[in-house]
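Coordinate inspection notes
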Amino acid sequence: MNQRLVEVLVIGAGPSGCVSAAFLQGQGIQVQVVEKSIFPRFVIGESLLPRCMDHFEEVGLLEGLNAFGFEKKFGARFIKGDKICEFDFSKKHTKGWDWTWQVPRADFDKVLVDELIKKGVEVSFGHEVVDVVIDENGGSLTTIKDENGEPYQVQAKYIIDSSGYGRVLPRLLDLDKPSVLPSHSSIFTHVVDVNRPEGREGTLITFDVVDKEVWLWVIPFSNGRTSIGYVGPTEFLESFEGSNGEKLTQMLKLSNYYYERFKGVEFLFEPVLIKNYSKSVKKLYGKGFVLTGNSAEFLDPVFSSGVTFATESALLGAKLIAKALKGEAVDWEKEYSDYIREGVNVFSSYVNEWYSGNLQTLFFHEPENPEVKRQICSVLAGYVWDKTNPFVTKHNRLIRTVAHIIELEKQKSE
Ligand SMILES: Cc1cc2nc3c(=O)[nH]c(=O)nc-3n(C[C@H](O)[C@H](O)[C@H](O)COP(=O)(O)OP(=O)(O)OC[C@H]3O[C@@H](n4cnc5c(N)ncnc54)[C@H](O)[C@@H]3O)c2cc1C
């Protein structure tokens, strides 16, 4: 079998793989990316957070993205019955990007990988990692099947597993761990948005809460198409009968706000159902490898944190590998795992408090408290490591406490 030698092997050319490879290339480190699909390919995860703009900018991938003309996202709107809560990223506690994009990922990821290739990174499409052996010193031998099904092997000093839902190393090295989040599922498709209203309303990204645990996303793209998807407890989604298309058609009737806009629109592909999407792992790194992006952890789509975590972990993982390759000591537990888990824990609290209803109490309470809103807005923009933000540092208590106070006040006034 053919064997090749590289310093760093990156598995997967999604946002996570592209960001880590771009950084390493910039450092003069020899990197190879293997990607099992042929791009463009569909993947879900279309609403980005401002924080990920920092990552694309730092590794020189922003310019190409900017030139494409993706729909700009300046905030997020949440609707529940007749109540509306809108976050504006320019009104947030933490300094940083005030906008980002809402993107069809097939186009977005294609632009990213094209930019990466322009930088001189070798990306092998149609190449699937099928086996990985890592010895006690961290040296690895990866078996890959090329586009003709021919196997070859790559020896690498480090592997970055950015394989997303492929979860290559968690599967092969038995690193999977059940998520502690509730079992939720999602069903989604794209539509030609023929009834899209003119102006801002037509382009607003919106989360329509039809029940405490059930919500609809509406993500309009600049190409006139819109992504629509429902999220809810797995048994709730399973309670709808028929094909995925029939299920989603029935579910669309649950949204008072959007029913007319999407009534009878044609689905561009048979809706996809992903069951129990939350994933976790026993550890985020090991000798000779690091897990980044979805391969490491996926929480929930409600706050659109997936891609931002994918790029945050990719950039940090790549920086630490570069440091190690220079012969400097790296404390992976502290410098990688603890840092990533800190952010994951903040978002986990928000996900949990969303489905407990406490966060919804805060979002839809009137009159709103502008300072609280600015601080929560920072979290929703992905700035979850800002220690000056009490809604970051006290994430596990503050939402619950404020929701409790609101409920008490409501009871008193009644
Ligand atoms: C229902 C749902 C809705 C979501 N909505 C959002 C959202 O609005 N915003 C958001 O930020 N995130 C969202 N996410 C999460 C988002 O999909 C991911 O977080 C994001 O795509 C992760 O990027 P990544 O680079 O880690 O992985 P991916 O983008 O999945 O890329 C991984 C790549 O690895 C390749 N690969 C897999 N296996 C192999 C192999 N064996 N060999 C070689 N290559 C391989 C794949 O082909 C793929 O191209 C959502 C997730 C779900 C389930």
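One can find the structure itself at the top, above this paragraph.
What you are looking at is a predicted structure, and each value in this text was computed from that prediction instead of being measured.

What counts and how
- Each chain carries its own residue numbering, running from 1 in the written order of its sequence.
- Thresholds applied to this predicted model are a pLDDT of at least 70 for local features of residues and 80 or more for the giving and counting of side-chain atom pairs; totals over whole chains, interfaces and linings are not thresholded and use all residues.
- Side-chain measures were taken over the full set of non-hydrogen atoms in the model, leaving aside hydrogen atoms and water.
- Secondary structure elements follow DSSP: runs of H or I of four or more residues count as helices, runs of E of two or more count as strands, with numbering from the N terminus.
- A simple rule labels every residue: compare its accessible area, found with a 1.4 Å probe on the protein chains alone, to the largest value its type can have, and call it buried under 20%, exposed over 50%, or partly exposed in between.
- We call two residues in contact whenever any of their non-hydrogen atoms come within 4.5 Å of each other.
- Areas reported here follow the Shrake-Rupley algorithm with a probe of radius 1.4 Å; residue values treat only the protein chains shown as occluding.
- His residues and chain termini do not enter the charge count, which takes Lys and Arg as positive and Asp and Glu as negative.
- Every charge is mapped onto a representative atom, which is NZ of Lys, CZ of Arg, CG of Asp or CD of Glu.
- Here, any two strands with at least 2 DSSP bridges between them count as paired.
- Nine residue types can take part in a nonpolar core, namely buried Ala, Val, Leu, Ile, Met, Phe, Trp, Tyr and Cys, and a core is a set of them joined through side-chain atoms within 4.5 Å.
- In this description, a line fitted to the C-alpha atoms serves as the axis of each element, helices being fitted only across the stretch in contact, and the angle between N-to-C directions of two axes falls anywhere from 0 to 180 degrees.
- Call a crossover right-handed when, viewed with both strands pointing away from you, the route from the first strand across the helix to the second goes clockwise.
- By definition here, a helix of n residues has an expected span of 1.5 Å times n minus one.
- Throughout, the bend at a residue refers to the angle made by two axes, fitted to the seven residues ending there and to the seven starting there.

Regarding the overall build of the protein
Helix and strand content of the protein: 15 helices and 19 strands. Its C-alpha atoms put the protein at 70 × 45 × 40 Å along the principal axes. Classification of the 414 residues of the protein by burial places 57% in the buried group. Put simply, of all contacts in the protein between residues at least 6 apart along the chain, 72% involve residues at least 24 apart. Working note: accessible area of the protein is about 17600 Å², and carbon and sulfur atoms make up 50% of it. Seen as two clouds, the 47 positive and the 57 negative side-chain charges of the protein have centres 3 Å apart.

Examining the pairing of strand β8 (residues 128–134)
Note: β8 against strand β9 (residues 140–145), 6 bridges, orientation antiparallel. Each bridged residue has a counterpart across the sheet, and for Asp131 the counterpart in β9 is Thr143. Remark: 5 residues form the turn of the hairpin made by β8 and β9, two consecutive strands paired antiparallel; Gly138 in that turn has positive phi of roughly 95 degrees.

A closer look at the nonpolar core
Residues Leu24, Phe78, Trp101, Phe303, Trp354, Leu362 and Phe363 are the most contacted members of the largest nonpolar core, which totals 118 residues. Those residues in contact with Trp101 that sit more than four places away from it in its chain are Glu46, Ser47, Leu48, Met53, Leu62, Leu65, Asn66, Phe70, Glu71, Lys72, Lys73 and Phe108. Core analysis: the second largest hydrophobic core is formed by 15 residues, Val218, Leu237, Leu248 and Val265 among them.

Some thoughts on the sheet that holds strand β4 (residues 75–80)
If you walk across this open sheet you meet the 7 strands as β5-β4-β13-β14-β15-β12-β16, and the pairing is mixed. Only two strands of the sheet have a single partner each, and these edge strands are β5 (83–88) and β16 (272–274). Along the sheet, successive strands turn relative to each other by an average axial angle of 15 degrees, direction set aside. Looking at chain direction, strand β12 (residues 184–192) and strand β15 (residues 225–233) are connected through 9 bridges and run antiparallel. Note on β15: the bridge partner recorded for Ser185 is Gly232.

Observations regarding the pairing of strand β1 (residues 3–11)
A regular strand places its side chains on the two faces of the sheet in alternate fashion. Across 8 bridges, the pairing between β1 and strand β10 (residues 151–161) is parallel. Each bridged residue has a counterpart across the sheet, and for Arg4 the counterpart in β10 is Val154. Bridge analysis of β1 against strand β2 (residues 31–35) gives 4 bridges, and the strand direction is parallel. Note on β2: the bridge partner recorded for Leu9 is Gln32. For the crossover from β1 across helix α1 (residues 15–26) to β2, the handedness is right-handed.

Observations regarding helix α10 (residues 306–325)
Helix length check: α10 (20 residues) gives 28 Å between terminal C-alpha atoms against 28 Å at 1.5 Å per residue, within 8%. Where burial is concerned, most of α10 is hidden: 17 out of the 20 residues are buried. The positive-phi residue at the C-terminal boundary of α10 is Gly327, with phi of around 90 degrees.

What to know about helix α11 (residues 332–356)
Every α-helix winds through 3.6 residues per turn, so residues three or four apart in the chain are directed the same way. Its 25 residues give α11 an end-to-end C-alpha distance of 34 Å, which sits within 8% of 36 Å, the value for a rise of 1.5 Å per residue. Taking the largest bend as the criterion, α11 deviates by roughly 30 degrees, centred on Asp338.

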